[in-house]
Amino acid sequence: MSLHVLMVAAEAVPLAKTGGLGDMVGAFAPALHRAGTTVTLMLPAWPGTLEAVEDVREVARFDDLPGGPASLLAATLPGVGLPLLLWRNDALLVREGSLYLDHDGREYADNPLRFGAFCHAAARVAAGLPGLPAVDVVHAHDWHTGLVPLLVRDSGAPVRTLFTVHNLAFQGNYPLEWMDKLAIPAQARGSEGCEFWGQLSFVKAGLVYADLLNTVSPGHAGELLTAEGGHGMDGVLRPRAAQLHGILNGIDTALWNPADDALLPKPFSAADPSGKHACKAALQRRFGLPEDAFAPVVALGSRLTHQKMADVALEALPFLLNRYPRLQVAMLGCGQPQYEQGFRELQQRYPRRVAAHIGYSEALAHLLHGGANLLLHGSRFEPCGLAPLYAMRYGTIPVASRVGGLADTIVDPVEHDPQTARANGFLFDGDAPAEMVEAVERALAAFSQPRVWRQLQRNAMQADFGWPRPVERYLALYAQLDQPRPRAARQAIA
């Protein structure tokens, strides 16, 4: 495809990551690049970013953006050759906490300024800067970039936009005074524009002004149009249903490959799974659990939040631990303090049967997926669900909620007998602990039947969750956008 795509996001592995957004963008942009698409990835220059890229050079300066002077740096991603643009404003980006939150878990008060300035810079790039190649399509990701479609439309540039919703629960809603501080066009300030219940909404700006919209699974696209799943934005989205598409995320099958994973003690594959036994033993040792090849190990590897049903798991797990004396639980994650404390207390209540590692480690994540037998992944809503895709790749069978992308990717043997070579996990409905327990018990019953379990593992490990098919779907959306608007002094915003 001859189009030049400017991909704009707040994070992308390996340069910056807080969750699934960083994983997706960091795998998707290189996949587009490898497929022959001309793509440039634009990110904030977070601390440490410049030391992790190559061929850094300044290509532009901005003296009139919100938030003060900034520069634009061009670079390339090592080992991939992907072109990068890095927006640098140290006064806004250098912080002691995480990308978005301080050490106490509170959002930085100037986040609207930080990401509003980033959006203005991206819109300038899209409209054209001396020395940079012309842009045909801007692909903006999640609320941090929600103002980009609005600002590109307002600039009059003959550029079309795609806005991807990763998690609509995070909307970037701020007091109305930010409209002036971020130079929001006057025509966009009403309820038909980016105002949402008396606030400026970054995500609403993206939903209203992007030419096309998508989210990260077909199932979740339908959920967003409902009052239950639309997080208050269903009324904005329903009139745009024809422009909303669901494209399931892929995973980096080179990075997440048990046959060639340097973070595992021993490789294994669907054809030769014997190395998984060594990984299980290593996981048990690392988490302080008894080495027992026949003990079912249940892993939890996600944010400890209400969305991820941490509260439900904390109610369901004691029942399971009491009923199944050999059951072991290994948890890796962090999140809301009450759930972190809940897992610490669970570990104290069941010593050497529950191991809670509060925090995140890429090496431990690979070992968790490589060594566990089951992944427990409850979620009240799940746009895609990357952790179960990683787990299946490693022969770890997911037990998950029947929502969003989880329902799109996990086939339950209640509906499809494992012998049909289709079932690859277990699903449950609702958020009652009893429903979660019932699904885990069905999985444990299958674990006790080696022939059935092996079939489930083969199905899971052989499923194709790579990027080639999603890339084809995105290229089809870009092709729909290959009809630029006529250049005008200023596009009408209505």
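Everything below is about the structure printed above this text.
Residues numbered from 1 in each chain as written. Predicted model: local features only at pLDDT ≥ 70, side-chain atom pairs only at ≥ 80, totals over all residues. Heavy atoms only, no water.

1. Considerations on the overall build of the protein
Now for step 1: Regarding its fold elements, the protein presents 17 helices and 18 strands.
Now for step 2: The C-alpha atoms of the protein give a radius of gyration of 23 Å, which matches the 23 Å a tight globule of 494 residues would have.
Now for step 3: With the principal axes as the frame, the protein shows a C-alpha extent of 70 × 45 × 45 Å.
Now for step 4: Every one of the 494 residues in the protein was classed for burial, and the buried ones make up 60%.
Now for step 5: Nonlocal contacts in the protein, meaning residues at least 24 apart in sequence, comprise 71% of its contacts between residues at least 6 apart.
Now for step 6: Accessible surface, the protein: about 19,200 Å² in total, of which carbon and sulfur atoms supply 53%.
Now for step 7: Here the protein holds 42 positive side-chain charges and 49 negative ones, and the gap between their average locations is 4 Å. (Helix = DSSP H or I, 4+ residues; strand = E, 2+ residues; numbered from the N terminus. Rg over C-alpha atoms; globule rule 2.2 N^0.38 Å. Buried < 20%, exposed > 50% of the residue type's maximum accessible area, 1.4 Å probe, protein only. Contact = heavy atoms within 4.5 Å. Areas by Shrake-Rupley, 256 points an atom, 1.4 Å probe, with all protein chains shown as cover. Lys, Arg positive; Asp, Glu negative; His and termini not counted. Charge placed at Lys NZ, Arg CZ, Asp CG, Glu CD.)

2. Some thoughts on the nonpolar core
Now for step 1: Judged by nonpolar contacts, the single largest core of 102 residues is most densely connected at M42, W87, L147 and Y478.
Now for step 2: For this core, the leading source of residues is helix α3 (residues 111-127), giving 10 residues.
Now for step 3: In this structure, V329, C384, A400 and A439 belong to the second largest nonpolar core, which totals 77 residues. (Core = buried A, V, L, I, M, F, W, Y, C linked by side-chain atoms within 4.5 Å.)

3. Re the pairing of strand β1 (residues 4-8)
Now for step 1: Extensive coverage of β1 is indicated by the burial of five of its five residues.
Now for step 2: On β1, burial covers both faces: H4, L6 and V8 on one face and V5 and M7 on the other are all buried.
Now for step 3: Taken together, β1, helix α1 (residues 20-34) and strand β2 (residues 38-44) form a β-α-β motif whose crossover is right-handed.
Now for step 4: Alignment of β1 against strand β6 (residues 137-141), held across four bridges, turns out to be parallel. (Right-handed = clockwise from strand over helix to strand, strands pointing away. Pairing = 2+ DSSP bridges.)

4. Points about the pattern of salt bridges
Now for step 1: Under the criterion given, the structure shown has 23 salt bridges.
Now for step 2: K308 is the salt-bridge partner of E382, the closest N and O atoms lying 2.7 Å from each other. With E382 in the loop between β16 (374-377) and α13 (386-393) and K308 in the loop between β13 (297-301) and α10 (310-323), the pair connects residues that are 74 residues apart, well separated along the chain. For the pair shown, E382 and K308 are each scored as buried.
Now for step 3: A salt bridge links R442 to E438; its shortest N-O distance comes to 3.0 Å. In this pair, R442 and E438 are both assigned in helix α15 (residues 433-447), four residues apart and thus about one turn of the helix distant.
Now for step 4: Look at R442 and you get buried, because its relative accessible area is 19%.
Now for step 5: For E438, a relative accessible area of 36% puts it in the partly exposed group.
Now for step 6: One connected set of salt bridges, linked through shared partners, spans K17, D23 and E362. (Salt bridge = Lys/Arg side-chain N within 4 Å of Asp/Glu carboxyl O.)

5. Remarks on empty space enclosed by the protein
Now for step 1: This structure, assessed with the given rule, holds two cavities of 30 Å³ or more.
Now for step 2: Forming the walls of the largest cavity are 15 residues, and the residues nearest its centre are L300, S302, K308, A313 and L376.
Now for step 3: Those elements giving two or more residues to the lining of the largest cavity turn out to be β13, α10 and β16.
Now for step 4: Of the residues contributing to the lining of the largest cavity, the split by class is nine nonpolar, four polar and two charged.
Now for step 5: Estimated volume of the second largest cavity: approximately 40 Å³.
Now for step 6: Around the second largest cavity, the lining comprises 13 residues; the ones closest to its centre are A12, V13, G26, L41 and L77. (1 Å grid on protein atoms, 1.4 Å probe; cavity = no way out; pocket = protein on both sides within 12 Å on 5 of 7 lines; lining within 4 Å. Points joined across faces, edges and corners; volume = space filled by probe spheres on them. Nonpolar A, V, L, I, M, F, W, Y, C, P; charged D, E, K, R; others polar.)

6. Overview of the packing of aromatic side chains
Ring pairs (aromatic) are described by centroid distance and by the angle formed between their planes.
Now for step 1: Scanning the model with the defined rule gives 13 aromatic pairs in all.
Now for step 2: Between W87 and F118, the ring centres sit 5.7 Å apart and the planes meet at 45°, which makes this aromatic pair tilted. Residue W87 is located in strand β5 (residues 82-88), and its partner F118 is located in helix α3; the two are separated by 31 residues in the primary sequence.
Now for step 3: You can call W87 buried: its relative accessible area is 0%.
Now for step 4: Given the relative accessible area of 0%, F118 is considered buried.
Now for step 5: Their ring planes at 55° and their centres at 6.1 Å tell us that W143 and Y174 sit as a pair that is tilted. Taken together, the positions of W143 in the loop between β6 and α4 (147-155) and Y174 in strand β8 (residues 173-175) put the pair 31 residues apart, joining distant regions of the chain. Of the two residues, W143 and Y174, both sit in the buried class.
Now for step 6: Across the ring face of W178, the terminal group of K181 is positioned such that the distance to the ring centre comes to 4.5 Å. (Phe/Tyr/Trp six-rings, centres within 6.5 Å; stacked < 30°, edge-to-face > 60°. Lys NZ or Arg CZ within 6 Å of the ring centre and 35° of its normal.)

7. Observations regarding the packing of α4 against helix α6 (residues 202-209)
Now for step 1: Where α4 contacts α6, the axes come no closer than 6 Å and their chain directions differ by 50°. In terms of orientation, α4 lies oblique with respect to α6. Residue-level contacts link L147, P149, L150 and R153 of α4 to F202, A205, G206 and Y209 of α6.
Now for step 2: Split by residue class, the contact of α4 with α6 holds six nonpolar, one polar and one charged. (Axes fitted to C-alpha atoms, helices over the stretch in contact; angles between N-to-C directions. Parallel < 35°, antiparallel > 145°, perpendicular 65-115°, else oblique.)

8. Brief notes about the packing of α1 against helix α17 (residues 468-480)
Now for step 1: Running from N to C, α1 and α17 point in directions that differ by 75°, and their axes come no closer than 11 Å. Taken together, α1 and α17 sit at an angle that is classed as roughly perpendicular. Residue-level contacts link M24, F28, A31 and L32 of α1 to V471, Y474, L475 and Y478 of α17.
Now for step 2: For the contact of α1 with α17, the residue count by class is eight nonpolar, no polar and no charged.

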